[in-house]
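So you can see what is in the structure, the chains are spelled out below.
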Amino acid sequence: MTISDYQRIERAIGYLEANYHLQPSLADAARSVHLSEFHFQRLFRRWAGISPKRFLQFLTVEHAKRLLAESRPLLDAAYGVGLSGPGRLHDLFVALEAVTPGEYKARGESLSIRYGFADTPFGPALIASTDRGVCALAFLGDEGEAGALADLERRWPGAVLREDAAGAARLAARIFGDADGSEPLALHVAGTNFQVRVWEALLRLPAGHLTTYEDLAASIGRPGAARAVAGAVAANPVGYVIPCHRVIRKLGVLGGYRWGPSRKKAIVGWESARRFGDVEVGEEAELAVAVG
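Since we're looking at a predicted model, the values are computed, not measured.

Novice: Lay out the overall build of the chain with the relevant residues and their values.
Specialist: From N to C terminus, the chain includes twelve helices and eight strands. When burial is assessed residue by residue, the chain has 51% of its 292 residues classed as buried. Taking the contacts inside the chain whose residues are at least 6 apart along the sequence as the reference set, 70% of them involve residues at least 24 apart.

Next up, the structure:
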């Protein structure tokens, strides 16, 4: 899967989202990304493992509401200290270590951070790490590599940054590939106590499940703090691994995302495809599915 392949997938999702009320056909979606129907189907299956129609079924409000009802008890499940649950589909366990209050105040003073840009199933991303773990994963947006690097420097202004493309590629392969789960993926994050509690709660939610800001707030003992939780979710420094994409609005609408709503839909649908598989529903041409 090349960068241009993912960009086509993202544009197709955007096209279907904007035009679902017109009941676009499979051929319409293919034309929106300048591919034949055959090649579009093949590209989509190579990326998602399922047909475009089946993928879009995972992005409906009705499906999201079912996932919310099913996922709610999982936020309260007891997992090993510091580890995410075993439901992560590629057996990627995560150990989160927050900086100390003194380190947070120092803002990375004299810390060495290695960073690089790597391909992922959701487009290129900046991945950075310290000796204690991954400290950043940011998908590239309109501002490109320069914008992602500037954000890393803003988060860790006192750190010494060193480019390490090979290291970033190895981390990307582990995060998005089939990890063996032999040891946790270490994260080294800087955040307030409240933010870290929210991020830890997110790590308890397995892939293919969703939650709301309200349920996330309740799970950390702050039922009236949905707005503050939303702020902590938005401040997540390690995209995908700390799964802020799994937080949606309580009415089942997927909502916004720091790295773009189409990318959020792509990640949510991709995870659902790996959880539920492809129960064949035929290759119907109509793709009249609302992806809110």
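So, next bit.
Novice: Outline the confidence of the model for the chain, listing residues and values.
Specialist: Here the chain averages 85 in pLDDT, while 86% of its residues score no lower than 70. Per-element mean pLDDT across the chain ranges from 84 in helix α1 (residues 3-19) up to 98 in strand β3 (residues 125-130). In this model residues 78-91 is a low-confidence stretch, pLDDT under 50, and it forms 39 contacts with partners more than four residues away in sequence or in other chains. Here residues 280-289 is a poorly scored stretch, pLDDT under 50, and it has 29 contacts once near neighbours within four places are set aside; other chains count.

Novice: Break down the environment of L149 for me, citing the residues and quoting the values.
Specialist: By secondary structure assignment, the location of L149 is in helix α7 (residues 144-155). Overall, the relative accessible area of 19% leaves L149 in the buried class. Residues L149 and A128 lie 21 residues apart in sequence; the distance between their C-alpha atoms is 9.7 Å. When near neighbours in sequence (up to four residues on either side) are disregarded, L149 contacts Y115, L126 and L161.

Novice: Could you give me a rundown of the nonpolar core, with the residues and numbers involved?
Specialist: Counting residues in hydrophobic clusters, the biggest one holds 74 residues, and the most contacted among them are W47, F122, F139 and L187. Counting 13 residues, the second largest nonpolar core, distinct from the first, contains Y115, C135, W156 and A159.

Novice: Explain the packing of helix α9 (residues 193-202) against helix α11 (residues 226-234) to me, and be specific about the residues and the numbers.
Specialist: Between α9 and α11, the least distance of the axes is 9 Å, while the angle of their chain directions is 80 degrees. The orientation of α9 relative to α11 falls into the category roughly perpendicular. Facing F194, Q195, V198, W199 and L202 of α9, the residues of α11 in contact are A228, V229, A232 and V233. Grouping the constituent residues of the contact of α9 with α11 by class yields eight nonpolar, one polar and no charged.

Novice: Run through the pairing of strand β6 (residues 185-189), naming residues and quoting values.
Specialist: In terms of residue burial, β6 counts as a mostly covered element, since four of its five residues are buried. The sheet contact formed by strand β1 (residues 94-98) and β6 spans five bridges and is parallel. The partner of V94 across the bridge, within β6, is L185.

Novice: If you had to explain α7 to someone new, which residues and values would you point to?
Specialist: Here α7 spans 17 Å end to end across twelve residues, near enough to the 16 Å set by a 1.5 Å rise per residue. The set of residues buried in α7 consists of G147, A148, L149, D151 and L152.

Novice: Could you give an account of the pairing of strand β2 (residues 112-118), with specific residues and numbers?
Specialist: Residues in a regular strand point their side chains to alternate faces of the sheet. The pairing of β2 with strand β5 (residues 160-163) spans four bridges and is classified as parallel. For S112, the partnering residue across the bridge sits in β5 and is V160. Inspection of the sheet shows β2 paired to β3 by five bridges, in the antiparallel sense. Residue pairing for β3: Y115 is matched across the bridge by A128.

Novice: Run through the side chain of S71, naming residues and quoting values.
Specialist: Following the sequence through the fold, S71 ends up in helix α5 (residues 61-71). At 2.6 Å, the side chain of S71 forms a polar contact with the backbone oxygen of L67. Beyond its immediate stretch of four places on either side in the chain, S71 contacts L205, H209 and L210.

About the criteria used
Residues take numbers from 1 onward in each chain, read along the sequence in its written order. Only residues with pLDDT of at least 70 are given local features in this predicted model, and only at 80 or more are side-chain atom pairs given and counted; all residues enter the totals for whole chains, interfaces and linings. No hydrogens and no water enter the side-chain calculation; it runs on all heavy atoms of the structure. Each helix is a run of H or I in the DSSP string that is no shorter than four residues. Each strand is a run of E no shorter than two, and both are numbered from the N terminus. Each residue is placed in one exposure class: buried if its accessible area under a 1.4 Å probe, protein chains only, is under 20% of its type's maximum, exposed if it is over 50%, and partly exposed if it falls in between. Contacts: residue pairs with any heavy atoms within 4.5 Å of one another. Every residue gets a pLDDT, meaning the predictor's confidence in that residue, from 0 to 100. Only buried residues count toward a nonpolar core, which is a set of Ala, Val, Leu, Ile, Met, Phe, Trp, Tyr and Cys residues joined through side-chain atoms within 4.5 Å. To obtain each axis, a line is fitted to C-alpha atoms, and for helices this fit is confined to the stretch in contact; angles are then taken between N-to-C directions over 0 to 180 degrees. Orientation labels follow simple angle bins: below 35 degrees gives roughly parallel, above 145 gives roughly antiparallel, 65 to 115 gives roughly perpendicular, and whatever is left gives oblique. Here the term charged refers only to Asp, Glu, Lys and Arg, the term nonpolar to Ala, Val, Leu, Ile, Met, Phe, Trp, Tyr, Cys and Pro, and the term polar to all other amino acids, Gly among them. Pairing between strands requires that DSSP locate at least two bridges from one strand to the other. Residue count minus one, scaled by 1.5 Å, sets the expected span of a helix. Identification of polar contacts relies on pairs of N or O atoms within 3.5 Å, with a donor-acceptor requirement for protein atoms, meaning one able to donate a hydrogen and the other able to accept it, and with residues adjacent in sequence counted only if both atoms are side-chain atoms.

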